[in-house]
Amino acid sequence: MASNYKKRGVDYQHNSNMRTLPGHYYHSEAIYREELAKIFYKRWLLVCREEELPTPGDFQTVTIGDESIILVRDEGGDIHAHFNVCRHRGTRICMEESGQFENGIIQCPYHAWRYRLNGELRAAPLMTELEGFDKAAYPLHSAHVRSWGGFVFLNLAENPLPFEQELGPLLGKFSEWHLPELRIAHRLEYELACNWKLILQNYQECYHCPGVHPLLSKWTPFRNAVHDCMEGAVIGGYMEMTEKGGGMTMDGKAAAPPVCEVHGDNLQRVHYYSIFPNLLFSPHPDFVLYHRIRPLGVGKSKNDCFFLLHPDVINNDAHMARFQSAIEFWDATNLEDWQVCEQMQLGLKSRRFDRGHYSGQEDILFALDREVLKALGHEGDD
Ligand code: FES
Ligand SMILES: [Fe+2]
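Residues numbered from 1 in each chain as written. Chains lettered and ligands numbered in written order. Predicted model: local features only at pLDDT ≥ 70, side-chain atom pairs only at ≥ 80, totals over all residues. Heavy atoms only, no water.

A.B. asks: Honestly, the sheet that holds strand 10 (residues 121-123) in this entry has me stumped. Any pointers?
C.D. replies: Hydrogen bonding along the main chain pairs the strands of a sheet, whether they run parallel or antiparallel. What the three strands build is an open sheet, ordered 8-9-10; its pairing is antiparallel. Strand pairing shows two members of the sheet lacking a second neighbour, strand 8 (105-107) and strand 10, which therefore form its edges. The average angle at which neighbouring strand axes cross in this sheet is 40°, direction not considered. Across three bridges, strand 8 lies against strand 9 (residues 114-116) in antiparallel orientation. Within strand 9, the residue paired with isoleucine 105 across the bridge is arginine 116. (Pairing = 2+ DSSP bridges. Helix = DSSP H or I, 4+ residues; strand = E, 2+ residues; numbered from the N terminus. Axes fitted to C-alpha atoms, helices over the stretch in contact; angles between N-to-C directions.)

A.B. asks: Explain the sheet that holds strand 14 (residues 225-231) here, please?
C.D. replies: Read from one edge to the other, the open sheet built from seven strands follows the order 13-19-18-17-16-15-14, with strand pairing classed as antiparallel. In this open sheet, the two strands that pair with only one neighbour each are strand 13 (183-192) and strand 14. Taking each pair of neighbouring strands and ignoring which way they run, the sheet shows an average axis angle of 15°. Relative to strand 16 (residues 269-275), strand 15 (residues 234-240) runs antiparallel, the two sharing seven bridges. Each residue of the ladder has a partner; that of valine 234, found in strand 16, is isoleucine 275. In this fold helix 8 (residues 363-376) packs onto strand 14 and strand 15, with an angle of close to 20° to the strand it touches most, strand 14. (Contact = heavy atoms within 4.5 Å.)

A.B. asks: Please clarify how the coordination of the iron ion (ligand 2) should be interpreted in this entry.
C.D. replies: Tetrahedral coordination by four donors sets the ideal angle at the metal to 109.5 degrees; octahedral coordination by six donors sets it to 90 or 180 degrees. His208 (NE2), His213 (NE2), Asp337 (OD) and Asp337 (OD) make up the full set of protein donors to the iron ion (ligand 2), lying at 2.0 to 2.6 Å. Taken together, the four donor atoms coordinating the iron ion (ligand 2) span angles of 54 to 145° at the metal, a pattern that classifies the geometry as irregular. Within one chain, the residues serving as donors to the iron ion (ligand 2) are arranged as H-x4-H-x123-D. With a gap of 129 residues between them, histidine 208 in the loop between helix 3 (196-204) and helix 4 (209-212) and aspartate 337 in helix 7 (residues 317-347) connect regions that are remote in the sequence. Residue classification places aspartate 337 among the buried residues on the basis of a relative accessible area of 8%. (Donors = N, O, S within 2.8 Å, 3.2 Å for Na, K, Ca; no water. Tetrahedral: all angles 85-135°; square planar, octahedral: opposite > 155°, others 65-115°. Buried < 20%, exposed > 50% of the residue type's maximum accessible area, 1.4 Å probe, protein only.)

A.B. asks: I would appreciate a short explanation of unusual backbone geometry in the present structure.
C.D. replies: The phi angle of most residues is negative, glycine excepted, and most peptide bonds adopt the trans form. Of note, the amide linkage connecting phenylalanine 276 to proline 277 takes the cis form, showing an omega dihedral of 10°. By the secondary structure assignment, proline 277 is in the loop between strand 16 and strand 17 (279-283). The phi torsion at alanine 112 lies on the positive side, around 65°, for a residue other than glycine. Of note, the phi angle at cysteine 260 is positive, near 40°, even though the residue is not glycine. Considering the arrangement of structural elements, one finds cysteine 260 in the loop between strand 15 and strand 16. When its relative accessible area of 31% is taken as the criterion, cysteine 260 is described as partly exposed.

A.B. asks: What am I meant to see in the pattern of salt bridges here?
C.D. replies: Side chains that differ in sign of charge can pair as their charged atoms come close. What the rule picks out here adds up to 19 salt bridges. Among the ionic pairs, glutamate 164 bridges to arginine 146, the shortest N-O distance being 2.4 Å. Residue glutamate 164 is located in helix 2 (residues 163-167), and its partner arginine 146 is located in strand 11 (residues 142-148); the two are separated by 18 residues in the primary sequence. Since its relative accessible area comes to 32%, arginine 146 is described here as partly exposed. The residue aspartate 251 makes a salt bridge to arginine 322 at a minimum N-O spacing of 2.8 Å. (Salt bridge = Lys/Arg side-chain N within 4 Å of Asp/Glu carboxyl O.)

A.B. asks: Would you mind going over the domain arrangement of the protein with me for this structure?
C.D. replies: It is common to give the size of an interface as the accessible area lost on bringing the parts into contact. The domains assigned to the protein are domain 1 (4-42 + 172-381) and domain 2 (48-160). Inter-centroid distance (C-alpha atoms) of domain 1 to domain 2 is 32 Å. Opposite the 18 residues of domain 1 that make contact, domain 2 presents 17 residues. Summing the contributions of domain 1 and of domain 2, the shared interface buries around 1,500 Å²; its carbon and sulfur component is 59%. A salt bridge links arginine 33 to aspartate 66, with the shortest nitrogen-to-oxygen separation between them at 2.5 Å. Of all the secondary-structure elements, those providing two or more residues to the side of domain 1 that touches domain 2 are helix 1 (29-40), strand 13, strand 17 and strand 18 (288-297). In terms of residue class, the side of domain 1 that touches domain 2 is made up of 11 nonpolar, one polar and six charged. (Domains from an automatic or database assignment. Buried area = accessible area lost by both parts, 1.4 Å probe. Nonpolar A, V, L, I, M, F, W, Y, C, P; charged D, E, K, R; others polar.)

A.B. asks: Help me out: how do you make sense of the layout of surface pockets in this one?
C.D. replies: Rolled over the atoms, a probe sized like a water molecule indicates the empty space that remains. Here the largest pocket is characterised by a volume of approximately 640 Å³. Around the largest pocket, the lining is made up of 29 residues, and of these Thr61, Val62, Thr63, Glu97 and Arg294 lie nearest the centre. Where the lining of the largest pocket is concerned, the elements lending two or more residues are helix 1, strand 4 (58-64), strand 13, strand 18 and strand 19 (300-309). No other element matches the six residues that strand 4 contributes to the lining of the largest pocket. Its residues assigned to classes, the lining of the largest pocket shows nine nonpolar, seven polar and 13 charged. Looking at the lining of the largest pocket, you find at least three residues from each of domain 1 (4-42 + 172-381) and domain 2 (48-160). Volume-wise, the second largest pocket comes out at about 360 Å³. What lines the second largest pocket is a set of 19 residues, among which Gln201, Glu205, Met344, Glu362 and Leu365 lie closest to the centre. (1 Å grid on protein atoms, 1.4 Å probe; cavity = no way out; pocket = protein on both sides within 12 Å on 5 of 7 lines; lining within 4 Å. Points joined across faces, edges and corners; volume = space filled by probe spheres on them.)

A.B. asks: What is the right way to read empty space enclosed by the protein from this model?
C.D. replies: Summed over all chains, the structure comprises four cavities of 30 Å³ or more. By volume, the largest cavity amounts to about 310 Å³. Asn202, Tyr203, Gln204, Glu205 and Tyr272 are the residues nearest the centre of the largest cavity, which is lined by 28 residues in total. Elements with a contribution of two residues or more to the lining of the largest cavity: helix 3, strand 14, strand 15, strand 17, strand 18 and helix 7. Lining the second largest cavity are Phe40, Leu45, Leu46, Val47, Val62, Thr63, Ile64, Gly65, Asn278, Ile293, Arg294 and Pro295. Where the lining of the second largest cavity is concerned, the elements lending two or more residues are strand 3 (45-49), strand 4 and strand 18. Of the residues contributing to the lining of the second largest cavity, the split by class is eight nonpolar, three polar and one charged.

Dropping the structure here:
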(Lines give C-alpha, C1' and ligand atoms only; values in the text may rest on other atoms or scores of the structure.)
(Ligands and ions follow the chains in the order given, each with its own letter.)
Protein backbone atom coordinates (compact mmCIF):
# COMPACT_ATOMS: atom_id res chain seq x y z
CA MET A 1 0.00 0.00 0.00
CA ALA A 2 1.16 3.52 -0.67
CA SER A 3 2.44 5.19 2.44
CA ASN A 4 2.01 8.78 1.37
CA TYR A 5 -1.21 10.28 0.13
CA LYS A 6 -3.20 13.44 0.16
CA LYS A 7 -6.62 13.90 1.70
CA ARG A 8 -8.29 17.25 1.12
CA GLY A 9 -4.96 18.96 0.85
CA VAL A 10 -3.40 17.29 3.88
CA ASP A 11 -0.36 15.10 3.43
CA TYR A 12 -0.43 11.88 5.43
CA GLN A 13 2.83 10.08 5.93
CA HIS A 14 3.39 6.83 7.61
CA ASN A 15 5.05 7.15 10.96
CA SER A 16 5.06 5.18 14.15
CA ASN A 17 2.80 7.72 15.85
CA MET A 18 -0.26 6.68 13.92
CA ARG A 19 -2.49 5.69 16.80
CA THR A 20 -5.92 4.14 16.60
CA LEU A 21 -9.08 5.73 17.98
CA PRO A 22 -9.66 5.24 21.70
CA GLY A 23 -11.78 2.19 22.53
CA HIS A 24 -14.82 4.20 23.62
CA TYR A 25 -15.35 5.35 20.04
CA TYR A 26 -16.74 1.87 19.47
CA HIS A 27 -18.84 1.60 22.63
CA SER A 28 -20.07 5.01 23.68
CA GLU A 29 -23.78 5.59 23.10
CA ALA A 30 -23.12 9.32 23.14
CA ILE A 31 -20.55 9.07 20.34
CA TYR A 32 -22.88 6.82 18.37
CA ARG A 33 -25.66 9.43 18.66
CA GLU A 34 -23.19 12.06 17.46
CA GLU A 35 -22.22 9.85 14.52
CA LEU A 36 -25.87 9.55 13.53
CA ALA A 37 -26.36 13.29 13.72
CA LYS A 38 -23.12 14.39 12.09
CA ILE A 39 -22.43 11.53 9.66
CA PHE A 40 -25.50 9.39 8.88
CA TYR A 41 -27.98 12.29 8.83
CA LYS A 42 -25.58 14.40 6.75
CA ARG A 43 -23.64 12.32 4.23
CA TRP A 44 -24.71 10.51 1.06
CA LEU A 45 -25.87 6.99 1.88
CA LEU A 46 -26.34 4.07 -0.47
CA VAL A 47 -29.88 2.75 -0.12
CA CYS A 48 -30.67 0.41 -3.01
CA ARG A 49 -30.35 -0.31 -6.72
CA GLU A 50 -32.79 1.32 -9.14
CA GLU A 51 -33.95 -2.14 -10.22
CA GLU A 52 -35.38 -2.69 -6.73
CA LEU A 53 -38.08 -0.10 -7.52
CA PRO A 54 -39.02 -1.23 -11.02
CA THR A 55 -42.51 0.30 -11.47
CA PRO A 56 -44.43 3.40 -10.36
CA GLY A 57 -45.78 2.99 -6.84
CA ASP A 58 -43.04 0.54 -5.80
CA PHE A 59 -41.52 1.55 -2.49
CA GLN A 60 -38.97 0.59 0.12
CA THR A 61 -38.66 2.05 3.59
CA VAL A 62 -35.18 2.71 4.91
CA THR A 63 -34.33 3.17 8.57
CA ILE A 64 -31.38 5.39 9.47
CA GLY A 65 -31.08 5.88 13.21
CA ASP A 66 -34.37 7.50 14.33
CA GLU A 67 -35.42 8.31 10.80
CA SER A 68 -37.55 6.27 8.43
CA ILE A 69 -37.58 7.21 4.77
CA ILE A 70 -39.99 6.11 2.05
CA LEU A 71 -38.23 5.58 -1.27
CA VAL A 72 -40.78 5.47 -4.04
CA ARG A 73 -40.90 5.63 -7.81
CA ASP A 74 -43.49 8.04 -9.21
CA GLU A 75 -45.57 7.83 -12.37
CA GLY A 76 -42.93 9.71 -14.36
CA GLY A 77 -40.20 7.24 -13.34
CA ASP A 78 -38.45 9.52 -10.83
CA ILE A 79 -37.42 8.14 -7.46
CA HIS A 80 -38.36 10.23 -4.40
CA ALA A 81 -37.27 9.97 -0.79
CA HIS A 82 -39.93 11.15 1.66
CA PHE A 83 -39.60 11.35 5.41
CA ASN A 84 -42.03 8.70 6.64
CA VAL A 85 -43.86 11.24 8.81
CA CYS A 86 -47.39 12.50 8.32
CA ARG A 87 -47.72 16.29 8.08
CA HIS A 88 -50.92 16.18 10.14
CA ARG A 89 -49.68 15.06 13.55
CA GLY A 90 -46.46 13.20 12.86
CA THR A 91 -47.56 9.56 12.62
CA ARG A 92 -45.16 7.17 10.89
CA ILE A 93 -47.16 6.44 7.76
CA CYS A 94 -45.76 3.23 6.33
CA MET A 95 -44.58 0.28 8.44
CA GLU A 96 -43.82 -2.23 5.64
CA GLU A 97 -40.25 -2.68 4.40
CA SER A 98 -41.31 -2.74 0.75
CA GLY A 99 -44.38 -3.00 -1.46
CA GLN A 100 -46.61 -1.05 -3.85
CA PHE A 101 -48.74 1.99 -3.06
CA GLU A 102 -52.12 1.31 -4.65
CA ASN A 103 -53.61 3.88 -7.01
CA GLY A 104 -50.58 6.10 -6.59
CA ILE A 105 -51.58 7.13 -3.07
CA ILE A 106 -49.60 7.13 0.16
CA GLN A 107 -52.22 7.17 2.92
CA CYS A 108 -51.65 7.82 6.58
CA PRO A 109 -53.48 5.16 8.64
CA TYR A 110 -54.51 7.58 11.40
CA HIS A 111 -56.80 10.26 9.91
CA ALA A 112 -56.40 9.30 6.26
CA TRP A 113 -54.42 12.22 4.92
CA ARG A 114 -53.45 11.14 1.41
CA TYR A 115 -50.27 12.03 -0.47
CA ARG A 116 -49.25 11.61 -4.09
CA LEU A 117 -46.17 9.52 -4.94
CA ASN A 118 -44.25 12.78 -5.45
CA GLY A 119 -45.13 13.75 -1.88
CA GLU A 120 -47.82 16.38 -2.55
CA LEU A 121 -50.76 16.36 -0.17
CA ARG A 122 -53.77 15.34 -2.27
CA ALA A 123 -56.52 15.10 0.34
CA ALA A 124 -56.89 15.96 4.01
CA PRO A 125 -60.41 15.12 5.15
CA LEU A 126 -62.32 18.11 6.54
CA MET A 127 -59.22 20.28 6.66
CA THR A 128 -60.37 22.35 3.70
CA GLU A 129 -63.16 23.66 5.96
CA LEU A 130 -60.48 25.43 7.95
CA GLU A 131 -59.90 28.96 6.83
CA GLY A 132 -56.49 29.49 5.34
CA PHE A 133 -55.55 25.80 5.09
CA ASP A 134 -53.51 25.36 1.94
CA LYS A 135 -52.79 21.76 0.92
CA ALA A 136 -49.86 22.88 -1.18
CA ALA A 137 -48.06 23.90 2.01
CA TYR A 138 -48.09 20.34 3.44
CA PRO A 139 -46.20 17.95 1.18
CA LEU A 140 -44.24 15.13 2.81
CA HIS A 141 -40.82 16.36 3.81
CA SER A 142 -38.32 15.22 1.23
CA ALA A 143 -34.71 14.06 1.33
CA HIS A 144 -32.23 14.41 -1.52
CA VAL A 145 -31.88 11.48 -3.91
CA ARG A 146 -29.23 10.83 -6.55
CA SER A 147 -28.46 7.87 -8.79
CA TRP A 148 -25.15 6.75 -10.11
CA GLY A 149 -24.43 3.56 -12.03
CA GLY A 150 -27.81 2.12 -11.04
CA PHE A 151 -27.13 2.78 -7.35
CA VAL A 152 -29.57 5.01 -5.44
CA PHE A 153 -28.19 7.32 -2.75
CA LEU A 154 -30.02 9.55 -0.35
CA ASN A 155 -29.01 12.40 1.87
CA LEU A 156 -31.05 13.61 4.85
CA ALA A 157 -29.31 16.99 5.18
CA GLU A 158 -31.14 20.10 4.07
CA ASN A 159 -28.07 21.33 2.21
CA PRO A 160 -25.89 18.31 1.49
CA LEU A 161 -22.35 18.37 0.17
CA PRO A 162 -22.61 18.10 -3.62
CA PHE A 163 -22.95 14.45 -4.67
CA GLU A 164 -20.45 14.94 -7.51
CA GLN A 165 -17.90 16.27 -5.06
CA GLU A 166 -18.32 13.34 -2.66
CA LEU A 167 -18.25 10.61 -5.32
CA GLY A 168 -16.11 12.55 -7.79
CA PRO A 169 -13.26 10.09 -8.24
CA LEU A 170 -15.62 7.22 -9.05
CA LEU A 171 -17.75 9.02 -11.61
CA GLY A 172 -16.73 7.68 -15.01
CA LYS A 173 -13.99 5.48 -13.57
CA PHE A 174 -15.81 2.18 -14.10
CA SER A 175 -17.51 2.83 -17.43
CA GLU A 176 -16.14 -0.48 -18.78
CA TRP A 177 -18.52 -2.29 -16.43
CA HIS A 178 -21.71 -0.60 -17.79
CA LEU A 179 -22.90 -0.41 -14.19
CA PRO A 180 -26.50 0.73 -14.93
CA GLU A 181 -27.04 -2.43 -17.03
CA LEU A 182 -26.03 -4.83 -14.27
CA ARG A 183 -28.57 -6.62 -12.09
CA ILE A 184 -28.50 -8.20 -8.66
CA ALA A 185 -27.63 -11.88 -9.10
CA HIS A 186 -27.33 -12.76 -5.43
CA ARG A 187 -27.46 -11.22 -1.96
CA LEU A 188 -25.91 -12.33 1.32
CA GLU A 189 -27.22 -10.81 4.56
CA TYR A 190 -25.29 -10.51 7.78
CA GLU A 191 -25.88 -9.02 11.18
CA LEU A 192 -22.66 -8.24 13.01
CA ALA A 193 -22.02 -7.64 16.69
CA CYS A 194 -19.65 -4.76 16.01
CA ASN A 195 -19.53 -1.03 15.42
CA TRP A 196 -19.95 0.10 11.79
CA LYS A 197 -16.46 1.69 11.69
CA LEU A 198 -14.78 -1.67 12.22
CA ILE A 199 -16.33 -2.97 8.99
CA LEU A 200 -14.95 -0.04 7.00
CA GLN A 201 -11.54 -0.41 8.59
CA ASN A 202 -11.43 -4.13 7.93
CA TYR A 203 -12.23 -3.52 4.25
CA GLN A 204 -9.45 -0.97 3.81
CA GLU A 205 -6.44 -2.97 4.95
CA CYS A 206 -4.97 -6.28 3.96
CA TYR A 207 -2.48 -6.52 6.82
CA HIS A 208 -4.87 -9.13 8.18
CA CYS A 209 -5.16 -11.08 4.93
CA PRO A 210 -2.33 -13.64 5.26
CA GLY A 211 -3.61 -14.87 8.62
CA VAL A 212 -7.36 -14.41 8.22
CA HIS A 213 -7.85 -15.15 4.50
CA PRO A 214 -5.43 -17.85 3.31
CA LEU A 215 -7.34 -18.39 0.05
CA LEU A 216 -7.81 -14.72 -0.79
CA SER A 217 -4.11 -14.16 -0.10
CA LYS A 218 -3.26 -16.89 -2.56
CA TRP A 219 -5.21 -15.25 -5.40
CA THR A 220 -4.27 -11.66 -4.45
CA PRO A 221 -1.14 -11.47 -2.25
CA PHE A 222 -1.44 -8.53 0.13
CA ARG A 223 1.71 -6.87 -1.17
CA ASN A 224 -0.07 -6.48 -4.55
CA ALA A 225 -2.35 -3.84 -3.05
CA VAL A 226 -2.29 -0.26 -4.35
CA HIS A 227 -4.21 2.63 -2.82
CA ASP A 228 -4.90 5.15 -5.54
CA CYS A 229 -7.69 7.27 -4.15
CA MET A 230 -8.42 9.36 -1.11
CA GLU A 231 -10.70 12.12 -2.29
CA GLY A 232 -14.10 13.27 -1.15
CA ALA A 233 -15.87 10.32 0.43
CA VAL A 234 -13.94 7.82 -1.65
CA ILE A 235 -11.02 5.80 -0.35
CA GLY A 236 -9.49 2.77 -1.99
CA GLY A 237 -7.47 1.13 -4.70
CA TYR A 238 -7.00 -2.31 -6.16
CA MET A 239 -5.25 -5.63 -5.74
CA GLU A 240 -3.55 -7.49 -8.56
CA MET A 241 -4.45 -11.11 -9.07
CA THR A 242 -1.51 -13.42 -9.54
CA GLU A 243 -3.01 -14.89 -12.71
CA LYS A 244 -4.59 -13.45 -15.83
CA GLY A 245 -8.07 -14.89 -16.11
CA GLY A 246 -8.03 -15.51 -12.40
CA GLY A 247 -10.99 -14.90 -10.15
CA MET A 248 -12.02 -14.57 -6.53
CA THR A 249 -13.50 -18.04 -6.38
CA MET A 250 -12.82 -21.30 -4.59
CA ASP A 251 -10.44 -22.47 -7.35
CA GLY A 252 -8.99 -19.04 -8.23
CA LYS A 253 -10.41 -19.05 -11.76
CA ALA A 254 -12.88 -16.52 -13.19
CA ALA A 255 -16.48 -16.91 -12.02
CA ALA A 256 -18.01 -15.56 -15.24
CA PRO A 257 -16.98 -13.91 -18.52
CA PRO A 258 -15.53 -10.40 -18.15
CA VAL A 259 -18.26 -7.87 -17.41
CA CYS A 260 -19.31 -5.93 -20.54
CA GLU A 261 -16.21 -4.09 -21.82
CA VAL A 262 -13.74 -4.85 -19.02
CA HIS A 263 -10.32 -5.24 -20.60
CA GLY A 264 -6.56 -4.68 -20.21
CA ASP A 265 -5.20 -4.28 -16.68
CA ASN A 266 -8.71 -4.48 -15.25
CA LEU A 267 -8.87 -8.16 -16.20
CA GLN A 268 -6.35 -8.80 -13.46
CA ARG A 269 -7.49 -6.30 -10.83
CA VAL A 270 -9.97 -6.45 -7.99
CA HIS A 271 -10.96 -2.91 -6.98
CA TYR A 272 -11.87 -2.00 -3.42
CA TYR A 273 -13.38 1.41 -2.70
CA SER A 274 -15.29 2.58 0.33
CA ILE A 275 -17.69 5.45 -0.12
CA PHE A 276 -17.94 6.96 3.33
CA PRO A 277 -19.87 6.05 5.34
CA ASN A 278 -21.87 3.03 4.15
CA LEU A 279 -20.89 1.60 0.76
CA LEU A 280 -18.07 -0.82 0.01
CA PHE A 281 -17.79 -1.07 -3.76
CA SER A 282 -15.72 -3.74 -5.41
CA PRO A 283 -15.66 -4.18 -9.20
CA HIS A 284 -14.04 -7.49 -10.18
CA PRO A 285 -13.24 -8.40 -13.80
CA ASP A 286 -16.12 -10.88 -13.87
CA PHE A 287 -18.72 -9.31 -11.53
CA VAL A 288 -19.33 -6.41 -9.18
CA LEU A 289 -19.56 -6.96 -5.45
CA TYR A 290 -20.84 -4.35 -3.02
CA HIS A 291 -21.70 -4.15 0.66
CA ARG A 292 -24.31 -1.85 2.15
CA ILE A 293 -23.65 -1.11 5.80
CA ARG A 294 -26.39 0.01 8.18
CA PRO A 295 -25.64 0.78 11.81
CA LEU A 296 -28.27 -0.76 14.10
CA GLY A 297 -26.71 0.50 17.31
CA VAL A 298 -23.28 1.33 18.70
CA GLY A 299 -22.23 -2.33 18.71
CA LYS A 300 -24.51 -3.77 16.06
CA SER A 301 -24.47 -3.46 12.28
CA LYS A 302 -26.27 -4.89 9.30
CA ASN A 303 -24.24 -5.70 6.25
CA ASP A 304 -25.87 -6.80 3.01
CA CYS A 305 -23.49 -8.07 0.35
CA PHE A 306 -24.67 -8.02 -3.27
CA PHE A 307 -23.33 -9.56 -6.47
CA LEU A 308 -24.07 -7.77 -9.77
CA LEU A 309 -23.90 -9.45 -13.16
CA HIS A 310 -25.05 -8.68 -16.66
CA PRO A 311 -28.56 -10.11 -17.32
CA ASP A 312 -27.12 -12.30 -20.12
CA VAL A 313 -25.02 -14.10 -17.50
CA ILE A 314 -27.86 -14.29 -14.97
CA ASN A 315 -30.11 -15.89 -17.59
CA ASN A 316 -27.55 -18.56 -18.46
CA ASP A 317 -27.84 -21.62 -16.19
CA ALA A 318 -24.32 -22.87 -16.92
CA HIS A 319 -22.81 -19.47 -16.07
CA MET A 320 -24.83 -19.28 -12.86
CA ALA A 321 -23.80 -22.79 -11.82
CA ARG A 322 -20.17 -21.72 -12.16
CA PHE A 323 -20.87 -18.40 -10.41
CA GLN A 324 -21.75 -20.22 -7.17
CA SER A 325 -18.00 -20.53 -6.63
CA ALA A 326 -17.70 -16.72 -6.27
CA ILE A 327 -20.62 -16.64 -3.83
CA GLU A 328 -19.09 -19.45 -1.79
CA PHE A 329 -15.70 -17.72 -1.79
CA TRP A 330 -17.02 -14.33 -0.68
CA ASP A 331 -19.39 -15.76 1.91
CA ALA A 332 -16.46 -17.63 3.49
CA THR A 333 -14.21 -14.56 3.26
CA ASN A 334 -16.89 -12.28 4.73
CA LEU A 335 -17.40 -14.64 7.66
CA GLU A 336 -13.64 -14.70 8.28
CA ASP A 337 -13.74 -10.90 8.43
CA TRP A 338 -16.81 -10.68 10.65
CA GLN A 339 -15.22 -13.04 13.14
CA VAL A 340 -12.23 -10.75 13.70
CA CYS A 341 -14.39 -7.60 13.64
CA GLU A 342 -16.59 -9.03 16.41
CA GLN A 343 -13.59 -10.14 18.44
CA MET A 344 -12.14 -6.67 18.09
CA GLN A 345 -15.39 -5.11 19.30
CA LEU A 346 -15.14 -7.24 22.44
CA GLY A 347 -11.49 -6.42 23.07
CA LEU A 348 -12.01 -2.68 22.58
CA LYS A 349 -14.25 -2.62 25.64
CA SER A 350 -11.44 -3.60 27.99
CA ARG A 351 -10.57 -0.95 30.53
CA ARG A 352 -6.92 -1.75 29.84
CA PHE A 353 -7.17 -0.91 26.15
CA ASP A 354 -6.20 2.66 25.54
CA ARG A 355 -5.21 3.21 21.94
CA GLY A 356 -3.39 0.92 19.49
CA HIS A 357 -0.80 1.60 16.80
CA TYR A 358 -1.34 1.28 13.07
CA SER A 359 1.21 -0.47 10.88
CA GLY A 360 2.49 0.91 7.60
CA GLN A 361 -0.10 -1.33 5.91
CA GLU A 362 -2.88 0.49 7.73
CA ASP A 363 -2.06 4.14 7.14
CA ILE A 364 -5.29 4.57 5.22
CA LEU A 365 -7.17 3.66 8.40
CA PHE A 366 -5.43 6.47 10.19
CA ALA A 367 -6.81 8.82 7.54
CA LEU A 368 -10.26 7.23 7.82
CA ASP A 369 -10.25 7.88 11.57
CA ARG A 370 -9.30 11.52 10.92
CA GLU A 371 -12.33 11.74 8.63
CA VAL A 372 -14.56 10.51 11.45
CA LEU A 373 -13.01 12.88 13.99
CA LYS A 374 -13.34 15.79 11.58
CA ALA A 375 -17.01 14.98 10.90
CA LEU A 376 -17.66 14.84 14.66
CA GLY A 377 -15.66 17.98 15.37
CA HIS A 378 -13.41 15.95 17.69
CA GLU A 379 -10.07 16.85 16.14
CA GLY A 380 -8.75 17.43 19.65
CA ASP A 381 -8.97 13.66 20.30
CA ASP A 382 -6.30 13.09 17.64
S1 FES B 1 -51.48 11.81 11.78
FE2 FES B 1 -51.62 11.31 9.71
S3 FES B 1 -53.60 11.78 9.18
FE4 FES B 1 -53.51 12.30 11.23
FE1 LIG C 1 -10.65 -9.25 5.18
